[in-house]
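# Inside the fold
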Amino acid sequence: DSGVTQTPKHLITATGQRVTLRCSPRSGDLSVYWYQQSLDQGLQFLIQYYNGEERAKGNILERFSAQQFPDLHSELNLSSLELGDSALYFCASSVQGGSNQPQHFGDGTRLSIL
Amino acid sequence: AQSVTQLDSHVSVSEGTPVLLRCNYSSSYSPSLFWYVQHPNKGLQLLLKYTSAATLVKGINGFEAEFKKSETSFHLTKPSAHMSDAAEYFCVVSDPGNYGGSQGNLIFGKGTKLSVKP
């Protein structure tokens, strides 16, 4: 058990809809990362937050947004969903967010768009 | 820019024989390198990390990796494979970004699927 909790585990919805994925980091970790895993793109970094502030952005679409709350949990919002958004979305956390710190991953949320 | 290349998409070994999963990296900085493992329908588990201390890094479950700067390689090895090692393995480099190393988003290789035959 990594200590990172993601909910829900599975999400099935239709094109055009909006969903929210939730992540609770390990106790004591200040930085949260979101990644997308798909068959064609592999694992890609989306966005990083540190202590409530956005720190880095990767290949995140404009239809996607995220935030980190004062209690350090994070939410990833995906809107105007398309078939291609079907993927496994992972949240990871680390203590300070530095490049030499290992990240601990949740079990992911599997999003299926019908 | 940072990148990693995993040289084999699939490796098959027999139980009890050595495992070698190959990874080459490209980095403008002194890199932080990791190996992660993903079992089916599971999240990613950290096996080991290299952050410029010892070049031979020992990880969990008997895995180790050697950082070779001259070859820009970070291959993962295990002396004797177990059936439970069957999984997908990712070589990963960390991007220090523009915050003096405090960014740290991970850049993943495409993965190597390890099969272990009885």
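Rules behind the numbers
- Residues numbered from 1 in each chain as written.
- Chains lettered and ligands numbered in written order.
- Predicted model: local features only at pLDDT ≥ 70, side-chain atom pairs only at ≥ 80, totals over all residues.
- Heavy atoms only, no water.
- Contact = heavy atoms within 4.5 Å.
- Buried area = accessible area lost by both parts, 1.4 Å probe.
- Salt bridge = Lys/Arg side-chain N within 4 Å of Asp/Glu carboxyl O.
- Polar contact = N/O pair within 3.5 Å; in protein donor to acceptor, adjacent residues only side chain to side chain.
- Disulfide = S-S within 2.5 Å.
- Helix = DSSP H or I, 4+ residues; strand = E, 2+ residues; numbered from the N terminus.
- Buried < 20%, exposed > 50% of the residue type's maximum accessible area, 1.4 Å probe, protein only.

Our focus in this paragraph is the interface of chain A and chain B. Contact residues are listed per partner, giving 21 residues for chain A and 23 residues for chain B. Both faces combined, the contact of chain A with chain B buries some 1700 Å², and carbon together with sulfur accounts for 54% of it. Between the two partners, chain A and chain B, sit 0 salt bridges. Our enumeration of links across chain A and chain B arrives at 3 residue pairs in polar contact (both at pLDDT 80 or more).

Turning our attention to the state of the cysteines. In total, this model carries 2 disulfides over all chains according to the counting rule given. Here cysteine 23 of chain A is linked by a disulfide to cysteine 91 of chain A, with a sulfur-sulfur distance of 1.8 Å. As the torsion about the S-S bond is roughly -50 degrees, the cysteine 23 of chain A-cysteine 91 of chain A disulfide counts as left-handed. Note that cysteine 23 of chain A is positioned in strand E3 (residues 19–24) and cysteine 91 of chain A in strand E9 (residues 87–94), a separation of 68 residues in sequence. When sorted by exposure, cysteine 23 of chain A lands in the same class as cysteine 91 of chain A, which is buried. One disulfide in the model links cysteine 23 of chain B with cysteine 91 of chain B; its S-S distance is 2.0 Å. As the torsion about the S-S bond is roughly -65 degrees, the cysteine 23 of chain B-cysteine 91 of chain B disulfide counts as left-handed. Of the two residues, cysteine 23 of chain B sits in strand E4 (residues 23–26) while cysteine 91 of chain B sits in strand E10 (residues 87–95), which places them 68 residues apart along the sequence. Residue cysteine 23 of chain B is classed as buried on the basis of its relative accessible area, which comes to 0%. Of the residues examined, cysteine 91 of chain B reaches a relative accessible area of 0% and is grouped as buried.

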